[in-house]
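An overview of the molecular structure
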Amino acid sequence: MTISVENPIFEKVSAFQKKSEDKTGELKLDGGVLIPNMATKDDEAFLAPDMNAFGRQFRDYDAESERQKSVQEFYRLQHINQTVDFVTKMRAEYGKLDKKVMSIWECCELLNEVVDESDPDLDEPQIQHLLQSAEAIRKDYPNEDWLHLTALIHDLGKVITLPQFGGLPQWAVVGDTFPVGCAFDESNVHHMYFMKNQDFHNKAYNTKNGIYSQGCGLNNVMMSWGHDDYMYLVAKENGSTLPSAGQFIIRYHSFYPLHTAGEYTHLMNEEDTENLKWLHVFNKYELYSKSKVHIDVEKVKPYYMSLIKKYFPENLRW
């Protein structure tokens, strides 16, 4: 069964994405997953703005500003330090889920204390970004409640930068993600800094496949450590009933080299291919909904509390 949806707007249309489109530009979603047609009227559908909250293009890593300088330094540290050894250590430590017991909404409120230093588009508290993304999706996909909740919780893993969760440096929490254990593709932002990563010169890791095999599936690939993988572990190990696509979005929403540049597709399997189509839908809202206009938290809270109850236990191990 093939269902059509309006094609999301991206900063760059990847070759991989084009393979999933027909001559009309519609994204074809096969595999029996029902997705409603998007509204096309300007007053009904979410429209991606041309500029970010600072009046510049989204994800512009070259613009001269104090904000950009700090973002560049962030990526220098991230690319040098994210190694196979580091990721293995972090997954073992945080996979214990022994930092805290709390609800999803309690974690949402904790995110008020976090500002993402890697983000060139926004410097607002993270809970506003979560609600902006969720409300934009809710408007266009009113019946896909799992997608609304996925948007709300996709960044909750950023709490690992807070002291009570280990106080990890931001380069180990936020920013674009990428596989470790294979060559660092040039589509990664500020790719030049990988040259000082110890894995860059390791013959076991610096080939296209590295320690993996073609089509092995992203679930078998180690990603750079950060909030994406952490929140995925939290959802999975606490028995969340979010569908596979929702968990895929949580785990790979920062994997821009894949979902925007179309690289690393040789590591994907069939399930990844289907789930990536949902991530393409999500990406428009996650990126372009960033704004200085705040959501009224108390007004929307009852709705999201009902979704949390539907898909998660009352309290989770973090």
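Residues numbered from 1 in each chain as written. Predicted model: local features only at pLDDT ≥ 70, side-chain atom pairs only at ≥ 80, totals over all residues. Heavy atoms only, no water.

Scanning the chain from terminus to terminus reveals eleven helices and four strands. Out of the 318 residues in the chain, the part that is buried amounts to 56%. Restricting to contacts in the chain with at least 6 residues of sequence separation, those with at least 24 account for 79%. (Helix = DSSP H or I, 4+ residues; strand = E, 2+ residues; numbered from the N terminus. Buried < 20%, exposed > 50% of the residue type's maximum accessible area, 1.4 Å probe, protein only. Contact = heavy atoms within 4.5 Å.)

With respect to burial, helix H6 (residues 145-153) is a largely interior element, nine of its nine residues being buried. Asp 145, Trp 146, Leu 147, His 148, Leu 149, Thr 150, Ala 151, Leu 152 and Ile 153 are the residues of H6 that are buried.

Attention now moves to the pattern of salt bridges. Taken as a whole and judged by the stated rule, the model has ten salt bridges. Lys 310 is the partner of Asp 145 in a salt bridge, and the nearest nitrogen-oxygen pair spans 2.8 Å. With Asp 145 in helix H6 and Lys 310 in helix H11 (residues 297-311), this pair connects stretches of sequence that are 165 residues apart. A relative accessible area of 15% means that Asp 145 is categorised as buried. The network of salt bridges with shared partners includes Glu 93, Lys 96, Asp 98 and Lys 99. (Salt bridge = Lys/Arg side-chain N within 4 Å of Asp/Glu carboxyl O.)

With that settled, consider the nonpolar core. One finds Leu 152 and Trp 318 to be the most contacted residues of the largest nonpolar core, which totals 84 residues. Once residues within four sequence positions are removed from consideration, Leu 152 is found in contact with Trp 105, Cys 108, Leu 130, Leu 131, Ala 134, Tyr 304 and Ile 308. (Core = buried A, V, L, I, M, F, W, Y, C linked by side-chain atoms within 4.5 Å.)

Here we take up the packing of helix H5 (residues 126-140) against H6. In contact at an axis separation of 7 Å, H5 and H6 are set at 165 degrees when each is read in the N-to-C sense. Between H5 and H6, the interaxial angle falls into the category roughly antiparallel. You can see that H5 and H6 cross each other, and the crossing is right-handed. Contact with H5, carried on its side by Leu 130, Leu 131, Ser 133, Ala 134, Ile 137 and Arg 138, involves Leu 147, His 148, Ala 151 and Leu 152 of H6 and no other residues of that element. Across the contact of H5 with H6, the residue classes break down as seven nonpolar, two polar and one charged. (Axes fitted to C-alpha atoms, helices over the stretch in contact; angles between N-to-C directions. Parallel < 35°, antiparallel > 145°, perpendicular 65-115°, else oblique. Left-handed = near helix turned anticlockwise from the far one by under 90°. Nonpolar A, V, L, I, M, F, W, Y, C, P; charged D, E, K, R; others polar.)

The next point concerns the side chain of His 253. Topologically, His 253 is positioned in the loop between helix H8 (244-252) and helix H9 (256-259). A polar atom in the side chain of His 253 sits 3.3 Å from the side chain of Asp 228. Not counting the four nearest positions on each side in its chain, His 253 is found in contact with His 154, Asp 155, His 227, Asp 228, His 259, Leu 279, Phe 282 and Glu 286. (Polar contact = N/O pair within 3.5 Å; in protein donor to acceptor, adjacent residues only side chain to side chain.)

Once that is clear, we can look at the confidence of the model for the chain. Scored by pLDDT, the chain has a mean of 82; 74% of the residues are at 70 or more. Every residue in residues 1-59 is under pLDDT 50, and counting partners more than four places away or in other chains gives 137 contacts. (pLDDT = per-residue confidence, 0-100.)

Let's shift gears to the packing of aromatic side chains. Under the criterion given, the structure shown has 14 aromatic pairs. Ring centres 5.8 Å apart and planes at 85 degrees place the aromatic pair Phe 178 and Phe 184 in the edge-to-face group. When sorted by exposure, Phe 178 lands in the same class as Phe 184, which is buried. Between the aromatic rings of Phe 178 and Phe 194, the centroid separation amounts to 5.0 Å while the plane-to-plane angle is 85 degrees, which identifies the pairing as edge-to-face. Separated by 16 residues along the polypeptide, Phe 178 in the loop between H6 and helix H7 (227-237) and Phe 194 in the loop between H6 and H7 bring together distant segments of the chain. Exposure remark for Phe 194: the relative accessible area of 0% places this residue in the buried category. Ring pairing ties together the aromatic residues Phe 248, Tyr 252, Phe 255 and Tyr 264, which thus form one cluster. Taking NZ or CZ as reference, Lys 99 lies 4.9 Å from the ring centre of Tyr 94, over its face. One residue, Arg 138, lies across the ring of Tyr 303, its end atom 3.7 Å from the ring centre. (Phe/Tyr/Trp six-rings, centres within 6.5 Å; stacked < 30°, edge-to-face > 60°. Lys NZ or Arg CZ within 6 Å of the ring centre and 35° of its normal.)

Turning our eyes to something else, we now look at the environment of Lys 277. Along the chain, Lys 277 falls in helix H10 (residues 270-288). Residues Lys 277 and Ala 245, 32 residues apart in the sequence, show an inter-C-alpha distance of 8.9 Å.

Along helix H3 (residues 84-94), the positions that sit buried rather than exposed are Val 84, Phe 86, Val 87, Met 90 and Tyr 94. Buried residues of H3, seen end-on, are gathered within an arc of 160 degrees and therefore sit on one face of the element. Facing away from the buried side of H3 by over 90 degrees, the exposed positions are Asp 85, Lys 89 and Ala 92. (Arc of directions from axis to C-beta.)

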